[in-house]
Number of protein chains: 2
Amino acid sequence: MMEEALIITNRSIVIKTHINGFPKETDFELKSEALSLNVEPGSGHVIVKNLYLSIDPAQLNRMKSYSTSQSHHSIQAAAAAIAPGSEIRGHGVGKVVASGDPEFQEGDLVAGELTWGEYCLMKPGVFYFRKLDSMGLPLSCHVGTLAYGGMTAYAGLFEVCKVKKGEKVFVSAAAGSVGHIAGQLAKLHGCYVVGSAGTTEKVELLKGKLGFDDAFNYKEEADLKATLRKHFPHGIDVYFDSVGGEMLEAAVANMNLFGRVAACGAISEYTGSGRKAAPDMVEVIYRRIQIQGFLCPDFLSVHSDFISATCDHLRSEKMVSVEDISTGLESIPSSFAGLFHGSNIGKTIVQIAVE
Amino acid sequence: MMEEALIITNRSIVIKTHINGFPKETDFELKSEALSLNVEPGSGHVIVKNLYLSIDPAQLNRMKSYSTSQSHHSIQAAAAAIAPGSEIRGHGVGKVVASGDPEFQEGDLVAGELTWGEYCLMKPGVFYFRKLDSMGLPLSCHVGTLAYGGMTAYAGLFEVCKVKKGEKVFVSAAAGSVGHIAGQLAKLHGCYVVGSAGTTEKVELLKGKLGFDDAFNYKEEADLKATLRKHFPHGIDVYFDSVGGEMLEAAVANMNLFGRVAACGAISEYTGSGRKAAPDMVEVIYRRIQIQGFLCPDFLSVHSDFISATCDHLRSEKMVSVEDISTGLESIPSSFAGLFHGSNIGKTIVQIAVE
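Residues numbered from 1 in each chain as written. Chains lettered and ligands numbered in written order. Predicted model: local features only at pLDDT ≥ 70, side-chain atom pairs only at ≥ 80, totals over all residues. Heavy atoms only, no water.

Chain A is annotated in an unreviewed UniProt entry as Enoyl reductase (ER) domain-containing protein from Linum tenue.

Q: Before we go on, may I ask you to explain the overall build of chain A in this structure?
A: Helix and strand counts for chain A come out as 12 helices and 15 strands. Its C-alpha atoms give chain A a radius of gyration of 21 Å, within 12% of the compact-globule value 20 Å for 355 residues. Each principal axis of the C-alpha atoms in chain A carries an extent, and together these give about 75 × 50 × 35 Å. Across the 355 residues that make up chain A, the buried fraction comes to 58%. Put simply, 69% of the contacts in chain A that link residues at least 6 apart link residues at least 24 apart. Only carbon and sulfur atoms are counted for the fraction: they give 52% of the accessible area of chain A, which is about 14,200 Å². Taking the average place of the 32 positive charges on the side chains of chain A and the average place of its 40 negative ones, the gap between the two points comes to 6 Å. (Helix = DSSP H or I, 4+ residues; strand = E, 2+ residues; numbered from the N terminus. Rg over C-alpha atoms; globule rule 2.2 N^0.38 Å. Buried < 20%, exposed > 50% of the residue type's maximum accessible area, 1.4 Å probe, protein only. Contact = heavy atoms within 4.5 Å. Areas by Shrake-Rupley, 256 points an atom, 1.4 Å probe, with all protein chains shown as cover. Lys, Arg positive; Asp, Glu negative; His and termini not counted. Charge placed at Lys NZ, Arg CZ, Asp CG, Glu CD.)

Q: When you look at the side chain of Q292 of chain B in this model, what are you seeing that I'm missing?
A: Turning to its location among the elements, Q292 of chain B is positioned in strand β13 (residues 290–293). According to the relative accessible area criterion, Q292 of chain B is buried, its value standing at 13%. Polar side-chain contacts of Q292 of chain B include one of 3.0 Å to the side chain of Q290 of chain A. Excluding anything up to four places from it in sequence, Q292 of chain B contacts R288, I289 and Q290 of chain A together with V160, V261, A262 and A263 of chain B. (Polar contact = N/O pair within 3.5 Å; in protein donor to acceptor, adjacent residues only side chain to side chain.)

Q: I keep staring at unusual backbone geometry and nothing clicks. Help me out?
A: Note on backbone geometry: most residues besides glycine have negative phi, and most peptide bonds are trans. Residues and elements named next belong to chain A. Here the phi dihedral of K162 falls at roughly 45°; this positive angle occurs in a residue that is not glycine. The backbone of E317 sits at a positive phi, close to 60°, despite the residue not being glycine. Take E317: it is sitting in the loop between α11 (303–315) and β14 (323–327).

Q: Explain helix α7 (residues 224–231) of chain A here, please?
A: Spacing of three or four residues puts side chains on the same side of an α-helix, whose turn is 3.6 residues. Residues and elements named next belong to chain A. What α7 keeps buried is the set L224, T227, L228 and H231. One side of α7 holds all its buried residues, which, seen down the axis, span an arc of 95°. The secondary structure elements touched by the buried residues of α7 are β8 (168–171), β9 (192–197), β10 (214–217), β11 (236–241) and α8 (245–253). (Arc of directions from axis to C-beta.)

Q: Where do I start with the pattern of salt bridges in this structure?
A: Opposite charge on two side chains allows them to pair when their charged atoms are near. In this structure the tally under the stated criterion is 28 salt bridges over all chains. Salt-bridge contacts for E167 of chain B lead to K164 of chain B; the nearest nitrogen and oxygen are separated by 3.9 Å. In the salt-bridge network here, residues are joined through shared partners; they are R11, E118 and E330 of chain A. (Salt bridge = Lys/Arg side-chain N within 4 Å of Asp/Glu carboxyl O.)

Q: Explain the pairing of strand β3 (residues 46–54) of chain A here, please?
A: For a regular strand, side chains alternate in direction, first toward one face of the sheet and then toward the other. Residues and elements named next belong to chain A. Counting buried positions along β3 yields eight of nine residues, so the element is predominantly enclosed. Bridge count for β3 against strand β6 (residues 119–122) is four bridges, and the pairing is antiparallel. Within the sheet, the bridge partner assigned to I47 lies in β6 and is L121. Sheet topology note: the β3/strand β15 (residues 347–351) ladder contains three bridges and is antiparallel. The partner of Y52 across the bridge, within β15, is Q351. (Pairing = 2+ DSSP bridges.)

Q: So what exactly am I meant to see when it comes to helix α8 (residues 245–253) of chain B here?
A: Most of α8 of chain B is tucked away: eight of the nine residues are buried. Within the sequence span of α8 of chain B, burial applies to G245, M247, L248, E249, A250, A251, V252 and A253 of chain B.

Q: I would appreciate a short explanation of the relation of the copies chain B and chain A in the present structure.
A: Two copies of the chain are present, and they differ by a rotation about an axis and a shift along that axis. In the superposition of chain B on chain A (RMSD 0.0 Å, axial shift 0.0 Å), the rotation amounts to 180°. Here the symmetry operator amounts to a two-fold rotation axis. Taking C-alpha positions as the reference, the residue of chain B nearest the rotation axis is A278 of chain B, at 2.0 Å. Taken together, the interface assignments show that 98% of the residues at the interface of chain B recur at the interface of chain A, consistent with an identical surface on both copies. (Least-squares fit on C-alpha atoms with pLDDT ≥ 70 in both.)

Q: Mind showing me how you'd approach the side chain of K64 of chain A here?
A: Relative to the helices and strands, K64 of chain A is located in the loop between α2 (60–63) and α3 (73–78). D280 of chain B is the oppositely charged side chain nearest to the buried, salt-bridge-free K64 of chain A, at an N-O distance of 7.7 Å. In terms of polar contacts, K64 of chain A uses its side chain to reach the side chain of N61 of chain A, at 3.1 Å. When near neighbours in sequence (up to four residues on either side) are disregarded, K64 of chain A contacts H18, I19, N20 and Y270 of chain A.

Q: So what exactly am I meant to see when it comes to the interface of chain B and chain A here?
A: Interfaces are frequently sized by the accessible area removed from exposure as the parts join. Contact residues are listed per partner, giving 43 residues for chain B and 42 residues for chain A. With both sides pooled, the region where chain B packs onto chain A buries about 3,600 Å², and carbon together with sulfur makes up 58% of that total. Summed over the three residues of chain B that lose the most area to chain A, namely M281, I285 and Y286 of chain B, the buried surface amounts to 19% of that side. Among the salt bridges present, the one from D298 of chain B reaches R288 of chain A, with a minimum N-O distance of 2.7 Å. Connecting chain B to chain A are 13 residue pairs in polar contact (both at pLDDT 80 or more). Elements with a contribution of two residues or more to the side of chain B that touches chain A: α3 (73–78), α8, β12 (255–263), α9 (267–270), α10 (281–286) and β13 of chain B. Looking at which element gives the most residues to the side of chain B that touches chain A, the answer is α10 of chain B, with six residues. Its residues assigned to classes, the side of chain B that touches chain A shows 25 nonpolar, nine polar and nine charged. Where strand β13 (residues 290–293) of chain A and β13 of chain B come together, three bridges link them in antiparallel fashion. Within the sheet, the bridge partner assigned to Q292 of chain A lies in β13 of chain B and is Q290 of chain B. (Buried area = accessible area lost by both parts, 1.4 Å probe. Nonpolar A, V, L, I, M, F, W, Y, C, P; charged D, E, K, R; others polar.)

Now the structure itself:
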C-alpha cells in the first residue's frame, strides 16, 4: 500500500518530431508517465521536483534531424541529440523529494541538467547536478545570471577576449540572457559598450536601466555595416556574438587591428532562415582578427571568480538580472518558440513549481 | 662631367590603372626614369641594385581601387595602397651601389622593402631594410623561405596554432610559398600532414620530394567536405589557410574540438571571383574553433628562433626550399598574374640581376 502511494504522474514536454526551421508550439506535446518516488537506498538515484527551468535557443540544435552525410559530430560533442518523445534535458533548479544517494537529502536545493518536466530522475555520474546554495539570491538568478548565461558572458569577455578597460565593445542580442550580462560586465570593467536588439522596448532597457553607452534596433537599420560605423567611429575592439549571420559580417567589417570575436551563439543561423556569416577573410587577415567559438563549461577554472564577482554586483545592485519568467510546464513550448522571434527580454525561464 | 656619369636610367614595373578582378600582364607597364647614383654623404639615402624580388599575391590587394564608402582601413594598415604609375614596393634582396648612410657600404648585400625595378632608392626610417648575411645559403632563399614565406609558416604553426606533435594538419595552397614550408615544418614537428594543390605535378611534389603524408588536387574534387573527411577520418586539428572561400568552409566542417585555423591568405577571395567563406558558425561554436588572421611581422620576437631552425633544416636537407624563379624585370607581370592561376610552384621570385 505504501509503495503504491509513492507512484506519481510526471508530466513533461517532448518533441513530436525533429524540428527543422523555426520551432512552433505544435512541434511539442505533453507526455504523462508514472514515476516512482520510492528510490532504493544506495541506488544513487535522486528524484528532483523541478522549480525553475532554463529555456535556451541552442537546444534547437539538438532537436534537428541530421542526415548521415552531414558532419554532425560537433552537435553530439556539445550535447546528445534529442529524440521525439524522449526527455529533454536542460539546466534548472529543483528540490530533492527522494534520494537513494547519501550525498543528497530530501529538501536539498539542487541545480543541474534537469528535464523539461515536473519531476526528474537524476543519476549521479550520468547527469550533472550539485547541491545549490542560493546565497540569499532568488532561485531564478541561479538559472540564468549565475549559471550558463552569466558564465558565458564572463568567460567570453575576460577569458576568450581578454577585454581591457577602455576598449570598445559591441554586444548583439544585447537584451538576451547572455548579452545583457556581457554588456553590464563590460561597462563595469570600464569599456564603451553598444548593444543591438530587436525592439524599441529592449533598446530603451539597454540605454536606461542596464547602462549601455548606446543601443540600436537592428530591425530598423538597412545597412548594418554603416550603422556600426556610426556607433563605433574608432572601430570595435571586442564583439560579443550571439547572433552570427549578417551581424557578424558587419562587426568584422568594423573591427580594429587585433579585434576579437567571442562567438557563443548564432541564433540567426539555427533556423536555417538567415544567411550564414561570410566575414571578409581579407579583413580578418590584415586586421589580425580572432574569431573564437566557445562554450562556458571550458572555463571552470574561473567559475568561482565569476560567482563571487557576479554575486557582489547583484547584491550591490551594480548589475541587474533581467528575467522573463512564465509559469507552468505548459508554457515551455511558447517560451521556447518565442526565443526565435525575439519575444523574450533577458533570460527566458519557466517556473514549474513554487518552492 | 663626373656628375653626369652617375645618372642612370632605372626601369621599373608599375600598374597602368587600379586592378579589380584577376590581374593581367597588360595591367602593367614598364616605366623608365633617370636616377642619380650620386648620393650626398650623410643624406641617409642608399641606392640599391635589385637582385631578387619576391612576387606575392597579397600585393593585389594594394592595387585595387577602393570607394570611400568601403571600410578599407585594414588595407591601409597592412600596407599603403599602390597608385597607378608609382613605385611598387615588395620584399627583395639587393646590393648597395651608392650610400649616403655610414651604416651601409657599397657592395653590401641588403634585404628589405625594395621596388619592382632595377634599382631603388632607400631612405632608412621610411622603408625597412637591413644588411643581409647570406649565411652560405643562396640569395633566393632569403626572399622566400628565410623571409616572409617561411616566417609566416613558422609563426602560423607554432605561435598562432601552437601545433603539437601528432596533431593532424591540413595545408591549402600547399605547393605555394608559405604552404610548402608550413607542411614541411609540421612534418618535422611530428604531425600528420595533408596538402591541397591545383595540379598533378604539385600533388606529386608534395607526396614525393616534400614528404607530405598525402595530398590531393582540389580541382578534381567535386565535394571538398567529403574529400577532407576521407583524408582526415579523425578530423583536422590545425588548418593552415592561404586560400579562404570554399576550402575554409570545408576545413571548418572537418575540424576537431578546439581546432585552430591560421589564416594568412585568402587568395581565392582576392580577385572577387570565388565566393567568400561562410564557415558554419554553429560548428565553430560547438567545436570551439579558433579562426585567427595573422601577419608574420607581429611575431618578431621569435624571428631569430625561426632563422636558426630553418637554416638548420635547409643545411641538413631536411627541408627543401622550392623556388619558381623567372629572369628579368619584364617577367614580373606574367609571374604576378600567374599566381592567380596557380602557375607557380613554390616561392615566386624574379631575378633582376646577377650578383
